[in-house]
Amino acid sequence: MESALTARDRVGVQDFVLLENYTSEAAFIENLRKRFKENLIYTYISSVLVSVNPYKDLEIYTKNHMERYRGVNFYEVSPHIYATSDNSYRSMRTERRDQCILISGESGAGKTEASKKILQYYAVTCPASDQVQTVKDRLLQSNPVLEAFGNAKTLRNDNSSRFGKYMDIQFDFKGAPVGGHIINYLLEKSRVVHQNHGERNFHIFYQLIEGGEEDLLRRLGLERNPQHYQYLVKGNCPKVSSINDRSDWKQVRKALTVIGFSEDEELMNIISSVLHLGNMQYGGDDGGSACITSDTQIKYLSRLLGVSGTVLTEALTHRKIIAKGEELMSPLNIEQASAARDALSKAVYGRTFTWLVNKINGSLAYTDESNKNSSVIGLLDIYGFEVFQYNSFEQFCINYCNEKLQQLFIELTLKSEQEEYEAEGITWEPVQYFNNKIICDLVEEKFKGIISILDEECLRPGDASDITFLEKLEDTVGSHPHFVTHKLADTKTRKLMGREEFRLLHYAGDVNYNVNGFLDKNNDLLYRNLKEVMCMSENKILTQCFDREELTDKKRPDTAATQFKSSLAKLMEILMSKEPSYVRCIKPNDSKQAGRFDEVLIRHQVKYLGLMENLRVRRAGFAYRRRYEIFLQRYKSLCPDTWPNWQGKLPEGVSTLVKHLGYKPEEYKMGRSKIFIRFPKTLFATEDALETRKQSLATKLQAGWKGYTQKTKYQKLRRSAIRIEAWWRGILARRRAQRRRKASDTIRRFIRGFIYRHQERCPQNEYFLDYVRYAFLMNLHRNAPKNVLDKSWPTPPPALTEASEHLRKMCMQNMVWTYCKKISPEWKHQMEQKTVASELFKDKKDNYPQSVPKLFVSTRLSTQTPTTLSLPIQFLLSFYDLLCIPSRSYAVPVTKYDRNGYRARPRQLLLTGDSIVIVEEGKMKQRIEYGALKGISVSSLSDGVFVLHVPSTDNKQKGDVVLQSDHVIETLTKVAICGEKADNVNINQGSITFALSQGKEGVIDFTPGSELLVAKAKNGHLAVVSTQTSG
Ligand SMILES: Nc1ncnc2c1ncn2[C@@H]1O[C@H](COP(=O)(O)OP(=O)(O)OP(=O)(O)O)[C@@H](O)[C@H]1O
Ligand SMILES: [Mg+2]
């Protein structure tokens, strides 16, 4: 409650005791309405839980919700059925006192649902073992079975419980559910044979017909159509949209298995036999006696009930009378026979239902005798106050039951209030309330009460009837202030009453009861011969339901009302021995609609449930009371002396606190362990102050907390950073030290190696030597010569001299090889010629060096020249070209010095494949075959004059040929190559002698000079002055 005090404006108050205007019904209903609109279906009246049926699934019954309410102080959380359940459970555990939860409300208000929620809560939240799990399952599964047999669709509720139920859940000393026990009250048996329009018989009949397997139905002689059964057609409502009989059937079968049921067959036989009984056809003979017209049903009945067909037929149409000690069979008329049949159906069904409850009890029984320390929580799901247009015997019993429960409530509540005041040492202030004991007495008092009068009338021989009963009532209790009949009433009331009615002024309101059927219902008679037949049954269930002793027992069985009265008395005893909690269920509208809040209907229920009375009793003295520690704990922050902690005694602390808050003396009282606050407004003011205080406290706490978390975070980060830094520094230092150590080792090894470097390889110098080698090789790798002309080579260490030499050679070879691979055939040819030139002239002829860089070509003639060649010469040249022997063709302009006077004549020298041809302007002047060429002479100077020596015997030749070429090295090299005359080239110093024709000789004198000059000298020689010109 405390937790949500602040939300009171929007959603009303969570506890009606906090309503300022607690005597106003309108304020009460308004509070309910506000909360209902917000789907807050639960509200307290102190410890009483008021629940409004939401008619829709609310997400408030999840496991999480259960956990939220588990073990939490009742007042700390919002009202809930789980809070009530948990509170009872904890009281049972801590105080070792049995508990009971009384759930009441009118039909459809949600009593059964509430009891199921409580059961589920215990099943989920209580500790469990395997064995306990079985009990939990059985407890939960008992519901579908009891609902199938005891619930029916009515106009008010599609799943209306047609019996009262009290269920004990037994817990062992550890708080685990270990067993259970169910007591049923007043099953509405009349429903078996008759239903109002729009209502149904008990669910099980429809479930069997809809869901039963074909084989089963065949065996039972049933058809899959409820319309075929007289007991199922009265209400004309075989189908209900909210009910799925087929799946419910499966669930019931499963539940029966869980409970450990073995009498399936017998049970189904009984259910179907009731249907067959309903279909039995009666006809009348001439004397008006009833007879059964078709024996189909009898055949089935005899088999299903395990009785003789003839005996059953007779029992259904006759009545046994004992006259003067003699048994006589008196025939029944049709009406009587039908009544007898219906009585049998009701008796069979009603007793089977009780047997079923006992069977379930057997399965839930806690058998462990060694554990005597078990405690109990009882759940009472019983009909609330009922007021219809037409109220009969059943409503009378139900309303009587509610009077009893109200009395119990008043007694227990007032008692506990008074006890609390006494215990707390607070003077008791008398509470004004209506004590309904007077009504209970009116109904139940021995000899004088209505039930006694009814019983008397039932037992009285003679013409007792419902009307004589009414008259008797008028005679006996007519003067009672809570009893009125048509005859006794004033004119105003008389208008509202029938002549066959009596009115009881119940605590919750006035109800008129019609006496018709009271005697019969109270007698609940089953003819003796029908009982006898049932006692002969071979059906295992029926043999237990109809005890033979009943027949021999001369004592008349108790009437229905007396039975009910004693069962209620027992119930009261049970409840009185326990600590009660209350759940008051309210139905918001008659149309089973979600969200509709029918104020008239609700006001009616608030009145009939006595909620205003509840509230008045609760609020009689003080609206609020709490133990000192709880109060101080909650509000201590509102007073500087009690905040953050009060060190002294609790009452003093609370006293200091309330004084600080400015409570006036009439607003509160201090008990021994509790503070009592008279008005809700005092509490609300305190609560508002707390709310404001909470804000500032929250800000402070937040700031403190934020500071603390940030500081902790920072410190953690700092510690981590320092640790990482230290670790990293360590790594770096270790690495550095390692490097240094390695370096000093290396230096040491190096020096030692250097010292021992001239010795044989040994451990002392091997590192040094390897290093030197390595350094040399690396140096070589970097500085090796890049081309063949580069002759540089790094100086090797002594140990590598030989290897270096090898390497150098390999390197050179490699370069040469690479070079060779790269050169073209033309270049190769060039090189070959150059080689020959080198061999011939290097260091021998002065103009040789100038010729080296110049390329040798195949012709030095200008482009026009060949065209002027004569055809044979052209042919020759082209022939060699065709043969692709370019090396064998060469043309160069030369100067020829003739033999007489050495006159210079321009000529062209051609080299062909086999000869040297001298041509003058296209005309071949001279041809010297290579074979005829004896030698070639040339000077050592830098001139271009040379002599081709031919044999003097050759007549075709007119002596040696003196020629001058500007490209003398090239020309002579080509001649030497073409004519293969390399060995015949003579390089002369000073002069050359050459042959002229007819045995004469000529001389060429060579002298160095500043200017080239070739001329005939005075001595007749050819004088050549050679300059440094190109070769
Ligand atoms: N807490 C709830 N949440 C959702 N629906 C509910 C709740 N309580 C009751 N109902 C709805 O109301 C219907 C009637 O409830 P329930 O059977 O518990 O009524 P009852 O008080 O036991 O009536 P009766 O006296 O006829 O047995 C339920 O079938 C369900 O549809
Ligand atoms: Mg119910």
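Up top you'll find the structure we're talking about.
Residues numbered from 1 in each chain as written. Chains lettered and ligands numbered in written order. Predicted model: local features only at pLDDT ≥ 70, side-chain atom pairs only at ≥ 80, totals over all residues. Heavy atoms only, no water.

**Q** I'd like a description of the coordination of the magnesium ion (ligand 2), backed by residues and values.
**A** Here the magnesium ion (ligand 2) is held by T112 (OG1) and S161 (OG), and the distances to it run 1.9 to 2.0 Å. Of this pair, T112 sits in helix α5 (residues 111-125) while S161 is found in strand β5 (residues 160-161), placing the two residues 49 residues apart along the sequence. Note on S161: relative accessible area 17%, which makes it buried. (Donors = N, O, S within 2.8 Å, 3.2 Å for Na, K, Ca; no water. Helix = DSSP H or I, 4+ residues; strand = E, 2+ residues; numbered from the N terminus. Buried < 20%, exposed > 50% of the residue type's maximum accessible area, 1.4 Å probe, protein only.)

**Q** So what's going on with the site of ligand 1? Residues and values would help.
**A** Near ligand 1 lie 17 residues; those nearest to it are S107, K111, T112, S160 and S161. Here an oxygen atom of ligand 1 and a side-chain polar atom of S107 are 2.6 Å apart. Here an oxygen atom of ligand 1 sits 2.6 Å away from a polar atom, N or O, in the main chain of S161. Out of a free accessible area of 630 Å², ligand 1 has 86% covered by protein chains. Looking at the shell around ligand 1, the elements that each hand over two or more residues are α5 and β5. (Near = heavy atom within 4 Å. Polar contact = N/O pair within 3.5 Å; in protein donor to acceptor, adjacent residues only side chain to side chain. Areas by Shrake-Rupley, 256 points an atom, 1.4 Å probe, with all protein chains shown as cover.)

**Q** So, the environment of S78: which residues are in play, and what are the values?
**A** With respect to the secondary-structure elements, S78 resides in the loop between α3 (63-69) and α4 (81-95). Residue S78 is classed as partly exposed on the basis of its relative accessible area, which comes to 33%. A C-alpha to C-alpha distance of 7.2 Å links S78 and Q14, two positions 64 residues apart in sequence.

**Q** Before we move on, could you go through the pairing of strand β6 (residues 164-171) and cite the residues and values that matter?
**A** A large share of β6 lies buried, amounting to 8 of its 8 residues. Because side chains alternate across β6, one face comprises the buried residues G164, Y166, D168 and Q170, and the other comprises K165, M167, I169 and F171, equally buried. Taken together, the 8 bridges between β6 and strand β7 (residues 177-185) define a ladder with antiparallel strand orientation. Following the sheet pairing, I169 is matched in β7 by G180. If you look at the hairpin formed by β6 and β7, you'll find 5 residues sitting between the two strands, and G175 has a positive phi there, around 90°. Sheet topology places β6 next to strand β12 (residues 375-381); 7 bridges connect them, and they run antiparallel. When the sheet's bridge partners are listed, F171 is paired in β12 with S375. (Pairing = 2+ DSSP bridges.)

**Q** Break down the side chain of S160 for me, citing the residues and quoting the values.
**A** Locating S160 in the fold gives a position in strand β5. Among the polar contacts listed, one links the side chain of S160 to the side chain of S107, at a separation of 3.4 Å. If we ignore the near neighbours within four places in the chain, the residues touching S160 are S107, G150, N151, A152 and T154. (Contact = heavy atoms within 4.5 Å.)

**Q** So what's going on with the pairing of strand β19 (residues 674-677)? Residues and values would help.
**A** Remember that side chains alternate between the two faces of the sheet whenever the strand is regular. A two-sided burial pattern is seen for β19, the buried positions comprising K674 and F676 on one face and I675 and I677 on the other. Alignment of strand β17 (residues 624-627) against β19, held across 4 bridges, turns out to be antiparallel. By the bridge assignment, R625 is partnered in β19 with F676. With 3 bridges joining them, strand β18 (residues 668-670) and β19 adopt antiparallel strand pairing. Residue pairing for β19: Y668 is matched across the bridge by I677.

**Q** Can you break down the pattern of salt bridges residue by residue, with the values?
**A** Counted by the stated rule, this structure contains 56 salt bridges. Residue K320 is joined to E532 by a salt bridge in which the shortest nitrogen-to-oxygen separation is 2.7 Å. You can see K320 sitting in strand β10 (residues 318-323) and its partner E532 sitting in helix α22 (residues 528-535), a full 212 residues away along the chain. The pair formed by K320 and E532 is uniform in burial state, with each residue classed as buried. Connected through shared salt-bridge partners, E106, R156, K587 and D590 make up one network. (Salt bridge = Lys/Arg side-chain N within 4 Å of Asp/Glu carboxyl O.)

**Q** Help me get a handle on the sheet that holds strand β22 (residues 915-920), residues and values and all.
**A** The 8 strands are arranged β23-β22-β21-β20-β26-β25-β24-β27 in an open sheet whose pairing can be described as mixed. In the strand order of this sheet, the two ends are held by β23 (923-929) and β27 (985-988), each with one partner. Pairwise comparison of adjacent strand axes, ignoring direction, gives a mean angle of 30° for this sheet. Looking at chain direction, strand β24 (residues 935-939) and strand β25 (residues 945-949) are connected through 4 bridges and run antiparallel. Looking across to β25, one finds that S937 is bridged to V947. (Axes fitted to C-alpha atoms, helices over the stretch in contact; angles between N-to-C directions.)

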